[in-house]
Amino acid sequence: MEIRRDVFQAIADPTRRAILSLVAIQAMTPGVIAENFDSSRQTISKHIQILTECELLNQQQNGREIYYQTNAKKMKEVADFIEPFRKMWDDRFNTLETIMKNYKPKQ
């Protein structure tokens, strides 16, 4: 049975974001990923499982080892969804910056 998880809940966790950052550089085995954290290997495996269920990570078998890498297509879907919000906040901060530059305090 495949569990459906929300991708945004998955990336809300700082450990899972760190795992995504690690495997974005190169594919890694669970053991190598776990070496980068103070958590137990079982805890990191659970994080990897959640990221895989959300399709943020792909796994590839190479002999006896399983390597995890980011799923660029799914990451792009997330980025595309977030982009309009980023643009909206950039515009708001730029407007605020302009107001603050022109602000003259009363003396």
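Here's a quick rundown of the structure. (Residues numbered from 1 in each chain as written. Predicted model: local features only at pLDDT ≥ 70, side-chain atom pairs only at ≥ 80, totals over all residues. Heavy atoms only, no water.)

### Quick notes on the pattern of salt bridges
Part 1 of the reasoning: Throughout the structure, instances matching the rule amount to five salt bridges.
Part 2 of the reasoning: Taking the shortest distance from any N to any O, the salt bridge between glutamate 77 and lysine 74 comes out at 3.6 Å. Linking glutamate 77 with lysine 74, this pair stays in helix H5 (residues 72–102), spanning three residues, or about one helical turn.
Part 3 of the reasoning: By relative accessible area, lysine 74 is classed as buried at 19%.
Part 4 of the reasoning: Close ionic contact of lysine 101 with glutamate 97 constitutes a salt bridge, the shortest N to O distance being 4.0 Å. (Salt bridge = Lys/Arg side-chain N within 4 Å of Asp/Glu carboxyl O. Helix = DSSP H or I, 4+ residues; strand = E, 2+ residues; numbered from the N terminus. Buried < 20%, exposed > 50% of the residue type's maximum accessible area, 1.4 Å probe, protein only.)

### Some words on a nonpolar patch on the surface
Part 1 of the reasoning: Taken together, Phe8, Phe81, Ile82, Phe85, Met88, Trp89, Phe93, Leu96, Ile99, Met100 and Tyr103 make up a surface patch of nonpolar side chains, about 1,100 Å² in accessible area.
Part 2 of the reasoning: The element best represented in the nonpolar patch is H5, accounting for nine residues.
Part 3 of the reasoning: You can call methionine 100 exposed: its relative accessible area is 52%. (Patch = residues over 30% accessible without salt bridge, like charges linked within 9 Å, V, L, I, M, F, W, Y side chains within 5 Å. Areas by Shrake-Rupley, 256 points an atom, 1.4 Å probe, with all protein chains shown as cover.)

Worth remembering: the numbers are spatial, not functional.
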